[in-house]
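Structural description and commentary
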Amino acid sequence: GQQYHKYNLHSKSVILDVEHNDYGGMKSMFQLDSDTYVALDQISTRIDIIQDDSISKTYDLSFIPYINQTFLNINFQGKLPNGNFIIIQNAYMHKDKLYLLTAKTGGEEGYRVNKVIVLDPLNPKNIEIISLEDRIYNSFAVIDEEKLCVFNNSRSSFQIIEIIR
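Now for a description of the structure that goes with this document. (Residues numbered from 1 in each chain as written. Predicted model: local features only at pLDDT ≥ 70, side-chain atom pairs only at ≥ 80, totals over all residues. Heavy atoms only, no water.)

**Here's the deal with the overall build of the chain**
We apply this condition: By definition, any uninterrupted DSSP run of H or I lasting at least four residues is a helix, any uninterrupted run of E lasting at least two residues is a strand, and each is numbered from the N terminus. When a residue's accessible area, from a 1.4 Å probe over protein chains only, is under 20% of the maximum for its type it is buried; when over 50% it is exposed; and in between it is partly exposed. Note on definitions: a residue-residue contact is assigned when non-hydrogen atoms from the two residues lie within 4.5 Å. Surface accessibility follows the Shrake-Rupley procedure with a 1.4 Å probe radius. Residue values consider only the protein chains on display as shielding.
In terms of helices and strands, the chain carries one helix and twelve strands. Starting at the N terminus and walking to the C terminus, you meet the elements of the chain as β-β-β-β-β-α-β-β-β-β-β-β-β. Evaluated residue by residue, the chain yields a buried proportion of 44% over its 165 residues. Long-range contacts, defined as pairs at least 24 residues apart, comprise 35% of the intrachain contacts of the chain with a sequence gap of at least 6. Entry remark: accessible area of the chain is about 9,000 Å², with carbon and sulfur atoms responsible for 49%.

**Points about the packing of aromatic side chains**
Rules: Two aromatic rings from Phe, Tyr or Trp, using only the six-membered ring of Trp, form a pair when their centres are within 6.5 Å; if the ring planes differ by under 30 degrees the pair is stacked, by over 60 it is edge-to-face, and anything between is tilted.
Throughout the structure, instances matching the rule amount to two aromatic pairs. Judged by centre distance (6.3 Å) and plane angle (50 degrees), the ring pair of Tyr92 and Phe140 falls under tilted. Here Tyr92, found in strand β6 (residues 88-94), pairs with Phe140, found in strand β10 (residues 137-144); they are 48 residues apart in sequence, far enough to count as distant. Judged by its relative accessible area of 7%, Phe140 falls in the buried class. Arranged with centres 5.0 Å apart and planes meeting at 65 degrees, the rings of Phe151 and Phe158 form a pair that is edge-to-face.

**Regarding the layout of surface pockets**
Just so we agree on the cut-off: Only protein atoms enter the 1 Å grid used here. Points where a 1.4 Å probe fits but cannot escape make up a cavity, open sets with protein on both sides within 12 Å along at least five of seven lines make up a pocket, and a residue lines them when an atom lies within 4 Å of a point. Grid points are joined across faces, edges and corners, and a volume is the space filled by probe spheres set on the points. The nonpolar class holds Ala, Val, Leu, Ile, Met, Phe, Trp, Tyr, Cys and Pro. Asp, Glu, Lys and Arg form the charged class, and all remaining residues, Gly among them, are polar.
In this structure, the largest pocket occupies an estimated 240 Å³ of space. Together, 16 residues line the largest pocket, and Ser131, Leu132, Glu133, Ile161 and Glu162 are the ones closest to its centre. When contributions to the lining of the largest pocket are tallied by element, the ones reaching two or more residues are β9 (123-131) and β12 (157-162). For the lining of the largest pocket, the class distribution of residues is seven nonpolar, three polar and six charged.

**So, the nonpolar core**
Note the threshold: In these notes, a set of buried Ala, Val, Leu, Ile, Met, Phe, Trp, Tyr and Cys residues joined through side-chain atoms within 4.5 Å is what counts as a nonpolar core.
Counting residues in each nonpolar core, the largest one holds 19 residues, and the members touching the most others are Leu40, Ile47, Leu61, Ile64, Leu98, Leu100 and Leu119. Secondary-structure elements contributing two or more residues to this core are β2 (26-33), β3 (36-41), β4 (46-51), α1 (65-77), β6, β7 (97-104) and β8 (112-120). The dominant element in this core, judged by the number of residues it contributes, is β6, at three residues. Judged by nonpolar contacts, the second largest core, of 16 residues, contains Tyr99, Val116, Leu148 and Val150.

**So, the pattern of salt bridges**
So the rule is basically this: We define a salt bridge as a side-chain nitrogen of Lys or Arg found within 4 Å of a carboxyl oxygen belonging to Asp or Glu.
Tallied over the entire structure, the rule returns two salt bridges. With a shortest N-O distance of 3.5 Å, Lys95 and Glu145 are connected by a salt bridge. You can see Lys95 sitting in the loop between β6 and β7 and its partner Glu145 sitting in the loop between β10 and β11 (147-152), a full 50 residues away along the chain. Salt-bridge contacts for Asp134 lead to Arg155; the nearest nitrogen and oxygen are separated by 2.5 Å. With Asp134 in the loop between β9 and β10 and Arg155 in the loop between β11 and β12, this pair connects stretches of sequence that are 21 residues apart. We classify Arg155 as partly exposed; its relative accessible area is 49%.

**Regarding the sheet that holds β6**
Worth spelling out the cut-off: Pairing between strands is defined by DSSP: at least two bridges between the two strands are required. To define axes, lines are fitted to C-alpha atoms, for helices over the stretch in contact only, and angles between the resulting N-to-C directions are given on a 0 to 180 degree scale.
The sheet built from four strands is open, its strands ordered β6-β7-β8-β9 with antiparallel pairing. The sheet is open, and its two edges are formed by β6 and β9, each paired on a single side. For this sheet, the mean angle separating the axes of adjacent strands, direction not counted, is 25 degrees. Two strands pair when backbone bridges link them, and β6 and β7 are joined in this way by six bridges, in the antiparallel orientation. If you follow Ile88 over to β7, its bridge partner there is Thr102.

Taken by themselves, the reported measurements are silent on function.
Now the structure itself:
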């Protein structure tokens, strides 16, 4: 199995290990507690739960309709743009919740990066989807459970967004 190397542990929301996978996407790792980590792959949307430096569980996020529809659109087109499609644009860990800024292609709206999926990485079946107003966002940070700081590519600006539930 794949080995993960832990370093630069500063907080629960820090990316511990970032490496390129074979397809040009990135793998990121976050710390949940003293010996449990979450590793995610931007292209495959696979989440690995790491305990004692080995994978204890693996989840595939394609069960989420929004992500599954993106896979279907890519397969229907018969090709991947530039050889791959990064579905997880950015990720952030806050209070044991994983926030994923996701990309989608197809449909009337075309390419967009404007949904944040919130899930508990130890029980990813219970999800929340936050819709952002504009079409493309590049990065974000969670301020608290009610606010995000996002970089809006459409407006070339940072914004504080209130999460409406």
